[in-house]
Amino acid sequence: MRVLITNLFVSRNSGTEVVVELLADGLRGAGHQTMVLAPTLGDMADRMRRRGHHVADRIAEIVEKPDIIHGQHLTPCLTALARFPDVPAVFSCHSAFFEIEAPMHHPQIRRWIAVDEACKAKCLSRGVPADRLDLIYNAVDLHRFKPRLPLPSRPARALLLTKNFEHQQAVREACSKSNIALDEVGPATERFSHQLEKDLPEYDIVFATARMALEAAAVGCSVVVCDARGFAGLLDTANMEAWRRMNLGVGLLTRPTTVENLMEAISRFDAGDAAKVCAYFREVADVSHFVQEHLKAYNQAIQAQTNTTADERSLATARWIEEIGVSVAPRRWAHIVKEVHGWQVSPDQTALVELLQSNTKTLESNVASLVELGEQVKAIGPEIAKPILDASASLDRVAQDSQARLHRIDDELSRLSNFVNEIKRLYNGMIPLFIRRMFLRVRRRG
């Protein structure tokens, strides 16, 4: 069978990229031919090519007609559907949150795949028929991710695997208070690993979600499921089956990722329990079952009887273009732009400059006020002391003058407090802009 898999990226070792690599390797190992279409390629694509996979970023490079299209992410999936209008397809939903992952109806798409219960609910809410929806949990290459040596009685080293950065400081503080050395890997850290299977056995606790948490559990690390979106807790034998159905993902993140929650999870570290969790995932998450489940869905899609015409397929493709092609109307494309690039639409450079200029003027004004305030505060001390040193001044006069000057100090301190609050407000408003711009540049370079 010739399988064409689509994805936004084959470059950065993100969750869906690893699924593509794992599935493509498994299909080739089972004797099938794989082709991968992704508009953004990188080192990961080169590694796959060296193993014999056909990986392309342009549809014209996909010369052989596939037997099945495995669509992931709406935009590259649309490209494949338009290029091969008579080829059946399946579509995988890997996120219950992002619109780029949400299913859209098309006559060529005959089956859908959800990776967890949250994605299943998302698909059903978008009108996917329940009898054409398969639930296929993520898997681990157990030949690559081998079991580590038994964990120590107490954790000494931890690893944070993350795509987002808002919870990093909390993890750092929790590990520091627990006397655990912490390393960090992932897009949010600008540190990447192409040999995670060799890195994981060096750590006792791993902070991660979804596929990264699954790999860590299969190695035998103790896993705390959390990221910037929220906190689930320590993965253990009591919750492992239920959390497996949620793919150790966002559906479990019901509490905030705080230092207190993290330390509570760390305090429940249990080497023996983690070993049982490892054994469970090594039994249920083997890649061979994962590949067989996908082949079953492919065959069902190919064999499904449909009465759609070429005109109906063309109309459906045109409707996809209306939704995800850039237009004045803020349709689904606007959500996708925000998800992929971080903005609802392309940032208005003029508005951004005006905002920075306005903030600069406010800062300059407040700096001038602070300088003036400093000069006034300097003068208050001698003014208070002067009547006290004047022996001819009455005690009542001294008290009145001192009280007046104390009120003045209070007023000036109030002004200073307002100034500090204004600085905080401007800081909170400006810094996210620069952080977002920085990450967009890093993403584009990657």
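Residues numbered from 1 in each chain as written. Predicted model: local features only at pLDDT ≥ 70, side-chain atom pairs only at ≥ 80, totals over all residues. Heavy atoms only, no water.

Mind showing me how you'd approach the overall build of the chain here?
Secondary structure assignment for the chain yields 15 helices and 14 strands. Across the 446 residues in the chain, those meeting the buried criterion constitute 46%. Once local pairs closer than 6 in sequence are excluded, the contacts in the chain between residues at least 24 apart make up 64%. As displayed, the chain has an accessible area near 22400 Å², and 54% of this comes from carbon and sulfur atoms. (Helix = DSSP H or I, 4+ residues; strand = E, 2+ residues; numbered from the N terminus. Buried < 20%, exposed > 50% of the residue type's maximum accessible area, 1.4 Å probe, protein only. Contact = heavy atoms within 4.5 Å. Areas by Shrake-Rupley, 256 points an atom, 1.4 Å probe, with all protein chains shown as cover.)

Got a minute to help me understand the sheet that holds strand S7 (residues 89-93) in this structure?
Spatially, the seven strands line up as an open sheet ordered S5-S3-S1-S6-S7-S8-S9, and their pairing is parallel. Either end of the sheet is taken by a strand with one partner, and the two such strands are strand S5 (54-56) and strand S9 (133-135). Adjacent strand axes in the sheet meet at a mean angle of 20°, parallel and antiparallel pairs treated alike. Pairing analysis gives three bridges linking strand S8 (residues 109-114) to S9, with the strands arranged parallel. In the strand pairing of S9, Ala-114 is matched with Leu-135. (Pairing = 2+ DSSP bridges. Axes fitted to C-alpha atoms, helices over the stretch in contact; angles between N-to-C directions.)

Got a minute to help me understand the packing of aromatic side chains in this structure?
Counted according to the given criterion, the structure contains two aromatic pairs. Consider the rings of Tyr-280 and Phe-281, whose centres lie 5.0 Å apart with planes at 75°: the pair is edge-to-face. On the basis of relative accessibility, which here comes to 0%, the residue Phe-281 falls in the buried class. (Phe/Tyr/Trp six-rings, centres within 6.5 Å; stacked < 30°, edge-to-face > 60°.)

Would you take a moment to explain the state of the cysteines for this structure?
A covalent bond between the sulfur atoms of two cysteines is what we call a disulfide. In the structure shown here, the tally under the stated rule is zero disulfides. The thiol of Cys-221 is unpaired, and the distance to the nearest cysteine sulfur, on Cys-278, comes to 8.6 Å. (Disulfide = S-S within 2.5 Å.)

Looking at this model, I keep getting lost on the pattern of salt bridges. Mind explaining?
Two side chains with opposite charge may pair up if their charged atoms get near one another. Under the defined criterion, the tally for this structure stands at 17 salt bridges. Between Glu-21 and Arg-51 there is a salt bridge, with its nearest N and O atoms 3.0 Å apart. Pair noted here: Glu-21 is in helix H1 (residues 15-29) and Arg-51 is in the loop between helix H2 (43-50) and S5, with a separation of 30 residues, a long-range link. Under the relative-accessibility criterion, Glu-21 is labelled buried at 9%. What makes Arg-51 partly exposed here is its relative accessible area of 36%. Each of Glu-99, Lys-122, Arg-126 and Arg-332 takes part in a single network of salt bridges with overlapping partners. (Salt bridge = Lys/Arg side-chain N within 4 Å of Asp/Glu carboxyl O.)

Teacher, can you tell me more about the sheet that holds strand S14 (residues 230-234) here?
Within a beta sheet, neighbouring strands are joined by backbone hydrogen bonds and run either parallel or antiparallel to one another. What the five strands build is an open sheet, ordered S11-S10-S12-S13-S14; its pairing is mixed. Unpaired on one side and paired on the other, strand S11 (181-185) and S14 mark the two borders of the sheet. Taking the axes of each pair of neighbouring strands and ignoring which way they run, one obtains an average angle of 20° across the sheet. When strand S12 (residues 205-208) meets strand S13 (residues 222-227), the two strands line up parallel, connected through four bridges. Bridge pairing in S13 links Ile-205 to Ser-222.

Help me understand the packing of helix H5 (residues 168-177) against helix H9 (residues 259-267), please; the structure alone is not making it clear to me.
One way to put it is that H5 packs onto H9 with a least axis distance of 9 Å and a crossing angle of 45°. Classified by the angle their axes make, H5 and H9 are oblique. For the crossing formed where H5 meets H9, the hand is right-handed. Between H5, through Ala-170, Val-171, Glu-173, Ala-174 and Lys-177, and H9, the contact on the second element is made entirely by Val-259, Leu-262, Met-263 and Ile-266. By residue class, the composition of the contact of H5 with H9 is seven nonpolar, no polar and two charged. (Parallel < 35°, antiparallel > 145°, perpendicular 65-115°, else oblique. Left-handed = near helix turned anticlockwise from the far one by under 90°. Nonpolar A, V, L, I, M, F, W, Y, C, P; charged D, E, K, R; others polar.)

Worth remembering: the numbers are spatial, not functional.
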